[in-house]
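Single-letter residue listing:
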Amino acid sequence: MGRRAVRRKRASHRQIPILRRPAPIARPFQLHLGQLTHVAIADCLISAQRGGREPVVDSAVIDRILSADPLRHDRRRGELLLRSFVRGYLESFKPPSPWRLDAAERRVRDGRIDLLYRHVVTDRVLADELKTARGRSGPVEPEDRAQVASYLADLETEFGTNLVGLRLVYLAPPVQIHRFRPATIRRREQLTEMP
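Starting afresh in each chain, residues are numbered from 1 along the sequence in its written order. Residue-level local features of this predicted model are given only where pLDDT is at least 70; pairs of side-chain atoms are given and counted only at 80 or more, and the full residue set underlies all totals for whole chains, interfaces and linings. As a rule here, side-chain values come from all non-hydrogen atoms in the structure, and water together with hydrogens is ignored.

K.L.:
Can you lay out the pattern of salt bridges for me, pointing to particular residues and giving the numbers?
P.N.:
Opposite charge on two side chains allows them to pair when their charged atoms are near. Within this document, salt bridges are pairs made up of a side-chain nitrogen of Lys or Arg and a carboxyl oxygen of Asp or Glu, the two lying within 4 Å of each other. Summed over all chains, the structure comprises 15 salt bridges. Across the pair Asp 43 and Arg 64 runs a salt bridge whose closest N-O atoms are separated by 3.3 Å. Of the two residues, Asp 43 sits in helix H2 (residues 29-51) while Arg 64 sits in helix H3 (residues 59-68), which places them 21 residues apart along the sequence. Three exposure classes are used, based on accessible area relative to the maximum for each residue type with a 1.4 Å probe and protein chains only: buried under 20%, partly exposed in between, and exposed over 50%. Arg 64 sits in the partly exposed class, given a relative accessible area of 47%. For Arg 83, the salt bridge goes to Glu 79, with nearest N and O atoms at 3.2 Å. In this pair, Arg 83 and Glu 79 both sit in helix H4 (residues 75-92), four residues apart, roughly one turn of the helix. Within this structure, Asp 63, Arg 76, Glu 79 and Arg 83 form a network of salt bridges that share partners. Numbering of helices and strands starts at the N terminus; helices are DSSP runs of H or I of at least 4 residues and strands are runs of E of at least 2.

Spelled out as structure tokens, the structure:
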């Protein structure tokens, strides 16, 4: 056998890669943490509304949420952040009574509103969009402003003059809140912040 025969022999023993089923796509940590935060806040608010008391961070609720949908990576840090975000929201940003939680993760044309409140007496509507992935200092980022404009347009179409506005709440440090009111005549690019 010459050189050529050896080459053929080596080429015939090459390993053929085995095609495997792709692994399921894992949700990024911050996205998953944000979704759990919305659910935990809503559950704490609902629990308090049923009991006729002020909402508090309910450890049993958070433990139940984490056992049903556990964080895959960095569990301890995620649990601490989740508790911190829920506590921060309930202590600083929850609308006062007579506002009541009407819906969580409510579907609108361009996405999901994180929390939707309704005023018991006037039937007015207020929406909260929560951000847990990053804190902001200064003006609202363009991608967040575009999301707010889109959500406000959807909510204004649905609720009309009953819509009070939308609050953009950054729960990660530096914690901030921006308030937006729907304008009577508004273009998507023009938003006015509530005082």
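And the narrative resumes.
K.L.:
Can you explain the pairing of strand S5 (residues 176-181)? Please cite residues and give values.
P.N.:
For strand S4 (residues 163-170) and S5, the ladder comprises five bridges, and the chain directions are antiparallel. Note on S5: the bridge partner recorded for Arg 167 is Arg 179. With antiparallel pairing between neighbouring strands as the criterion, S4 and S5 make up a hairpin whose turn holds five residues. Pairing between two strands requires that DSSP report at least two bridges joining them.

K.L.:
Quick rundown of the packing of H2 against H3? Include the residues and the values.
P.N.:
The contact between H2 and H3 brings their axes to 10 Å, and the two run at 145°. Here the hand of the crossing between H2 and H3 comes out right-handed. Contacts from Leu 36, Val 39, Ala 40, Asp 43 and Cys 44 of H2 reach H3 at Val 61, Ile 62, Arg 64, Ile 65 and Leu 66. Partitioning the contact of H2 with H3 into residue classes produces eight nonpolar, no polar and two charged. Lines are fitted to the C-alpha atoms to define the axes, a helix being fitted only along its stretch in contact, and any angle between axes, read from their N-to-C directions, falls within 0 to 180 degrees. Put simply, a crossing is left-handed when the front helix is turned counterclockwise from the back one by less than a right angle, and right-handed when it is turned clockwise. Every residue pair with non-hydrogen atoms within 4.5 Å of one another is taken to be in contact. Polar here means any residue other than Ala, Val, Leu, Ile, Met, Phe, Trp, Tyr, Cys and Pro, which are nonpolar, and Asp, Glu, Lys and Arg, which are charged; Gly is therefore polar.

K.L.:
Residues and numbers for the pairing of strand S2 (residues 111-119), please.
P.N.:
Burial analysis of S2 places seven of its nine residues in the buried class, which makes it a mostly covered element. The pairing of strand S1 (residues 99-108) with S2 spans eight bridges and is classified as antiparallel. Bridging across to S2, Arg 106 finds its partner in Ile 113. Between S1 and S2, which follow one another and run antiparallel, lie two residues. With four bridges connecting them, S2 and strand S3 (residues 125-131) associate as antiparallel partners. Bridge pairing in S3 links Arg 118 to Val 125. As consecutive antiparallel partners, S2 and S3 are separated by five residues, and within that stretch Asp 123 has a phi angle of approximately 65°, a positive value.

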